[in-house]
Amino acid sequence: MEPSTPHAAGGMERAGAKGPVVDRLVLRRPDDWHVHLRDGRMLEMVAPATARLFARAIVMPNLTPPITTVAAARAYRERILAAVAGAAFTPLMTAYLTDASEPEELERGYREGVFSACKLYPAHATTNSAAGVSDLAKLAGVFATLERIGMPLLIHGEVTDPEVDVFDREAVFIERHLQPLLQSHPGLKVVLEHITTSEAADFVRQGGPNLAATITPHHLHINRNAMFRGGLRPDFYCLPVAKREQHRLALRAAATSGNPSFFLGTDSAPHPRSAKETACGCAGIYNAPYALESYAAVFEEEGALERLEAFASEYGPRFYGLPLNDSTITLERRDQLVPQRLHGSAAGSGEGAQALVPFHAGELLGWRVV
Ligand code: NCD
Ligand code: ZN
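Here is a short report on the structure shown in this document.

How each quantity is defined
- Residues numbered from 1 in each chain as written.
- Chains lettered and ligands numbered in written order.
- Predicted model: local features only at pLDDT ≥ 70, side-chain atom pairs only at ≥ 80, totals over all residues.
- Heavy atoms only, no water.
- Pairing = 2+ DSSP bridges.
- Helix = DSSP H or I, 4+ residues; strand = E, 2+ residues; numbered from the N terminus.
- Axes fitted to C-alpha atoms, helices over the stretch in contact; angles between N-to-C directions.
- Contact = heavy atoms within 4.5 Å.
- Donors = N, O, S within 2.8 Å, 3.2 Å for Na, K, Ca; no water.
- Tetrahedral: all angles 85-135°; square planar, octahedral: opposite > 155°, others 65-115°.
- Near = heavy atom within 4 Å.
- Polar contact = N/O pair within 3.5 Å; in protein donor to acceptor, adjacent residues only side chain to side chain.
- Areas by Shrake-Rupley, 256 points an atom, 1.4 Å probe, with all protein chains shown as cover.
- 1 Å grid on protein atoms, 1.4 Å probe; cavity = no way out; pocket = protein on both sides within 12 Å on 5 of 7 lines; lining within 4 Å.
- Sits in = over half its atoms within 2 Å of the grid points.
- Nonpolar A, V, L, I, M, F, W, Y, C, P; charged D, E, K, R; others polar.

1. Here's the deal with the sheet that holds strand β2 (residues 32–35)
Inference 1: Pairing in this open sheet of 8 strands is parallel, and the strands run β2-β3-β4-β5-β6-β7-β8-β9 from one edge to the other. The strands lining the two open edges of the sheet, one partner per strand, are β2 and β9 (262–264). Averaged over all neighbouring strand pairs, the angle between strand axes comes to 30°, with direction disregarded.
Inference 2: Bridge count for β2 against strand β3 (residues 56–59) is 2 bridges, and the pairing is parallel. Directly across from Val 35, in β3, lies its bridge partner Val 59.
Inference 3: Packed onto the sheet, helix α6 (residues 198–206) meets β7 (190–192), β8 (211–215) and β9 and runs at close to 145° relative to β8.

Here you go:
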């Protein structure tokens, strides 16, 4: 089938809807430009959900130990391919930057087609980031190399300074670190990952073609109230943490604007319930299984369904310099109830401590991937 722009199979008008009602969306198959697939048993549990929807995914390297070498990335890629058992899915590997990263290793991995990008975690900013970068100045040689060879730098954009309010850490990172970095390396290709603020959206909008941002489904759906609704709700805790409503609205405007600097990256980050529901719970929202339906709901609510395909399937590959996917995926307007728990490779309803709580658990979604 020819990849096409989303088309209507309906055509009737619906009161309250912003445009004509569409019952079926045929989209060029999307890619996920930011996902955590984990390793071992968890990898086996979650990778099929990503491979079902996405043709490619930028796989985060924050394992323990982190993926810092070409050899480790090759081996991890093999484990991912084994976990998706023959699905038409290409994992795009990333290199975890540390204070000791060597430009030669990164360049070799890029030239050999193993590394698609480098990932910069400020040390202690998030899950498994202890080995991250303590001072950007230490990586001047790495940045110069990335700029020279055109290898993208993916940034977790939050300062770790304990003096800075958690809700301000992204905006402060942009001011203190990102702006100076881009000034000294104007040719560096940078993706500001999982943006959460109007400051980030504005900054990316004003940047040149070398600057882009990924936007997650959850930051389009929830604001920070979600973490405290009727009690403490760890399922809505992720990093960067969700912000005020005004920021969620700014992200919705950016994602649905048709600006190619904003594209899909789920930041699906599974943690077992036992690690979420505990005294010091992990950050991360597991959204892979219903990610496309989740984005579709947002684009529909914003009256921008016709822009979903470009956000999900075109702007990412263009930024990365990769071909668009040829195959398609179909969404139908059909309610589906998201289960409270997912466990194992089948979408069962285990109650165990190892179960995963999907984003939108217990909610009805109005679209379904067929
Ligand atoms: C991610 C994880 O669990 O690996 N958590 C999250 O809240 N997003 C790490 C990250 O992307 O910050
Ligand atoms: Zn992430």
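2. Looking at the coordination of the zinc ion (ligand 2)
Inference 1: The protein atoms that coordinate the zinc ion (ligand 2) are His 34 (NE2), His 36 (NE2) and Asp 267 (OD), at distances of 2.0 to 2.1 Å.
Inference 2: One way to put it: the 4 donor atoms around the zinc ion (ligand 2) meet at angles of 92 to 142°, and that makes the site irregular.

3. Quick notes on the site of ligand 1
Inference 1: Residues in close proximity to ligand 1 total 15 residues, the closest being Arg 38, Asn 62, Thr 126, Leu 239 and Asp 267.
Inference 2: For ligand 1, an oxygen atom lies 3.1 Å from a polar atom in the side chain of His 36.
Inference 3: In the model, an oxygen atom of ligand 1 is placed 3.3 Å from a nitrogen or oxygen of the His 156 side chain.
Inference 4: For ligand 1, whose accessible area on its own is 310 Å², the fraction buried by protein is 100%.
Inference 5: Of the pockets mapped on this structure, ligand 1 occupies the largest cavity.
Inference 6: Classifying every residue of the shell around ligand 1 by side-chain character gives 4 nonpolar, 9 polar and 2 charged.

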